[in-house]
Amino acid sequence: MNWELLLHQVLAGLATGGIYACIALAVVMIYQAIDHLNFAQGEMAMFSTFIAWQLMDWGTPYWVAFVVTIAVSFIGGVAIERIVFKPIHDAPVLSHIVVFIALFSIINSLAGWIWDYTIKSFPTPFGSRSLLGSGLISAHDGGMITVSLGLLALLYLFFRHTRVGLAMRAAAANPESARLAGIRVGWMIALGWGMAAAIGAVAGMLIAPVVFLEPNMMLGILLYGFAAAVVGGLTSPGGAVVGGFSVGVIENVAGTFIPYFGRELKLTIALLLIVAVLLVKPSGLFGRAVVSRV
Amino acid sequence: MTATLLEANALCAFYGATQALFGLDLAVEAGGITTLLGANGAGKTTTLRALSGMVRATGEIRFDGRPIAGRPVEQIVRLGIAHVPQGRGTFVRQTVEENLQIGAMTRRNHSAIAADVERVYGYFPRLKERRRQQAGTLSGGEQQMLAVGRAMMLRPRLMLLDEPSFGLAPLIVQELFGILRNLNRDENVSMLLVEQNASLALDLADHAYLIETGRLVIKGPAHAIRNDETVRRSYLGY
């Protein structure tokens, strides 16, 4: 066993795991609000990343582009909910799935049409040196861990300690009762979409220097994000975060140490995880099985 | 002659294509307790849901003279109508105190909200003991008290209570109804009470309506209905 290689892979896994955690959290937030998986979550993040790239291409400094992209993504997320999903709120599951797939391919094609399909490099604000000169983890990986942890902490504080956060939790937990408390449930759902889009934007901008920018960059990432959400339990935001970091580490370590997986078969691990968790513990490690007292 | 706080004329309600109310006329006096009685499926819950905009309804509804029919639920609630729904509407994963905070979500004044939380705890000391507990772990009676407490947090002028006695032990019901009486008297909250337990409701209320399959059968002062033997035998079953 090569311990230094293992440590290296674990740290790198935590770095990408942070991204999976963000995507998983975005997926869980929308799932909690409307009971459907947002298949277009990855494409939304990809589009946001292109917006950031475009802004920087026009000469905007990195952090300005970063903040503007988050704001634009938030507004875009709210708009998608208001224009596309509010009207079909009571429609059956299949209608939602069709709309998600449509959204997926519309956003994907739109990005390809505007920015074409050639692979673009995306800058990192953290530099390419190794962090603290240790050679164990790159500065960008360190930055990814820091930013994703910071984002997750902010979200935790928002949901635990603000009135809007409580209103959003109430609206997701029991929409009818929330409405009877005067909470504008429709707007809480829209707000959730906006926040999910903004979180996705951060994830996209952080992972783009690693996977390179192109319209299909988020396909694999979304799959890992789904795996993370399923592992943690779709009803548990905290579980999604733990799931994200676990999936990142498992993916990296297994890809390095299990001979047959290698780089090429790594994505299979995400699918295996999804199947395994659904077979053994369908509600996820931290999810609640739906039990109700009548 | 007291003023009318809530008035419904020719109220009809629909679930999809099915009509559940057929032209009901109803009034709740300001400061009073009105009860709506009837058998299972008579349309009691539907009436409350129609009043707070939760089902499709036609007809005229006036609250404090203002027409409110057709408005969204959130808007009607914000006018000061607190609906304590059937099944209590508990936010089971939130704490007791968070449930109360949710009830005050339409208000801005933080110190007044904090004072009202204490006021609710004054009426329901048991909730104070369990303030940090997940609301889903409360007993049925405690959850019903929490539902009333959450409604109080709105500072409502009218409470719509949907079978608050449902599934509770007789002692708990007595305690709860005593508190409702105090709320009505001390906080000047008018009430429209839907009940299966007619004798209990008629003791608390000053006016009563009796409905059957979505239509009004009889209305009048609660004591008159309680003493009307025919009505009692044929509709109230005691």
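Residues numbered from 1 in each chain as written. Chains lettered and ligands numbered in written order. Predicted model: local features only at pLDDT ≥ 70, side-chain atom pairs only at ≥ 80, totals over all residues.

Colleague: I'd like a description of the overall build of chain A, backed by residues and values.
Modeller: The number of helices and strands found in chain A is 11 helices and zero strands. Each helix and strand of chain A, placed in order from N terminus to C terminus, yields the pattern α-α-α-α-α-α-α-α-α-α-α. By the compact-globule yardstick of 19 Å for 294 residues, chain A fits well, its C-alpha radius of gyration being 19 Å. Principal axes of the C-alpha set define a box for chain A whose edges measure 60 × 50 × 35 Å. The long-range fraction of contacts in chain A, counting pairs at least 24 apart against all pairs at least 6 apart in sequence, stands at 73%. (Helix = DSSP H or I, 4+ residues; strand = E, 2+ residues; numbered from the N terminus. Rg over C-alpha atoms; globule rule 2.2 N^0.38 Å. Contact = placed C-beta atoms within 7 Å.)

Colleague: Quick rundown of the environment of Met145 of chain B? Include the residues and the values.
Modeller: Residue and element names in this part refer to chain B. The topology assignment puts Met145 in helix α6 (residues 140–152). Considered as a pair, Met145 and Gly32 are 113 residues apart in the sequence and their alpha carbons are 21 Å apart. Look past the residues within four positions of Met145 in its chain and what remains in contact with it is Phe124, Arg126, Leu127 and Leu176.

Colleague: Lay out the packing of helix α1 (residues 3–34) of chain A against helix α10 (residues 237–257) of chain A with the relevant residues and their values.
Modeller: Residues and elements named next belong to chain A. The interhelical angle for the contact between α1 and α10, taken along N-to-C directions, is 145°, at an axis separation of 6 Å. In this structure, α1 crosses over α10, and the sense of that crossing is right-handed. Of the residues contributing to the contact of α1 with α10, the split by class is 17 nonpolar, 10 polar and one charged. (Axes fitted to C-alpha atoms, helices over the stretch in contact; angles between N-to-C directions. Left-handed = near helix turned anticlockwise from the far one by under 90°. Nonpolar A, V, L, I, M, F, W, Y, C, P; charged D, E, K, R; others polar.)

Colleague: Outline the confidence of the model for chain B, listing residues and values.
Modeller: Detail in the predicted coordinates should be disregarded across regions flagged by low pLDDT. Across chain B, the average pLDDT comes to 91, with 98% of residues at 70 or higher. Of the two predicted TM-score estimates for the complex, the pTM is 0.88 and the ipTM is 0.91. (pLDDT = per-residue confidence, 0-100.)

Colleague: Please set out the pairing of strand β6 (residues 81–84) of chain B residue by residue, giving values where relevant.
Modeller: Residues and elements named next belong to chain B. Of the two faces of β6, the one carrying Ile81 and His83 and the one carrying Ala82 and Val84 are both buried. As defined by bridge partners, β6 adjoins strand β7 (residues 158–162) across four bridges and the pair is classed as parallel. Within β7, the position partnered with Ile81 by the bridge is Leu158. (Buried ≥ 20, exposed ≤ 12 C-beta atoms within 10 Å, placed from the backbone. Pairing = 2+ DSSP bridges.)

Colleague: So what's going on with helix α9 (residues 218–232) of chain A? Which residues, and what values?
Modeller: All names here are of chain A. The end-to-end C-alpha distance of α9 is 20 Å, a good match for the 21 Å that 15 residues give at a rise of 1.5 Å each. Most of α9 sits inside the fold, with 12 of its 15 residues counted as buried. Three or more residues of α9 are buried, namely Met218, Ile221, Leu222, Tyr224, Gly225, Phe226, Ala227, Ala228, Ala229, Val230, Val231 and Gly232. Looking at the buried side of α9, the elements it contacts are α1, α2 (41–57), α8 (185–211), α10 and α11 (266–280). Following α9 by one or two positions, Gly233 adopts a phi angle in the positive range, close to 105°. (Expected span 1.5 Å × (residues − 1).)

Colleague: Explain the environment of Ala8 of chain B residue by residue, including any values.
Modeller: All names here are of chain B. Looking at the element boundaries, Ala8 is found in strand β1 (residues 4–15). Residues Ala8 and Leu168 lie 160 residues apart in sequence; the distance between their C-alpha atoms is 31 Å. Setting aside chain neighbours within four positions, we find Ala8 in contact with Leu24, Asp25, Leu26, Leu51, Gly59, Glu60 and Ile61.

Colleague: Provide a residue-level description of the sheet that holds strand β9 (residues 207–212) of chain B, including the pertinent values.
Modeller: Residue and element names in this part refer to chain B. Read across the sheet, six strands follow the order β6-β7-β8-β3-β9-β10 without closing on themselves; strand pairing throughout is mixed. Each edge of the open sheet carries a strand with a single partner, namely β6 and β10 (215–221). Taking the axes of each pair of neighbouring strands and ignoring which way they run, one obtains an average angle of 15° across the sheet. Where β9 lies against β10, six bridges are found, and the strand directions are antiparallel. Looking at the pairing, Tyr209 lines up with Lys219 of β10. Sheet contacts for helix α1 (residues 44–51): β3 (33–37), β6, β7, β8 (190–195) and β9; angle to β7, the most-contacted strand, approximately 150°.

Colleague: Explain unusual backbone geometry to me, and be specific about the residues and the numbers.
Modeller: With a phi angle near 55°, Asp116 of chain A is a residue other than glycine that sits in the positive phi range. With respect to the secondary-structure elements, Asp116 of chain A resides in the loop between α4 (93–115) and α5 (139–161). For Asp116 of chain A, a count of 10 C-beta atoms within 10 Å corresponds to the exposed category. Although it is not a glycine, Asp64 of chain B adopts a positive phi angle of roughly 55°. As for its position among the elements, Asp64 of chain B is in the loop between β4 (56–63) and β5 (66–67).

Colleague: Tell me about the pairing of β4 of chain B, and please be specific about residues and values.
Modeller: Residue and element names in this part refer to chain B. In this sheet, β4 lies alongside β1 in antiparallel orientation, the contact comprising seven bridges. Bridge pairing in β4 links Ala8 to Ile61. Hairpin remark: β4 followed by β5, antiparallel, with two residues in the connecting loop; positive phi at Asp64, about 55°.

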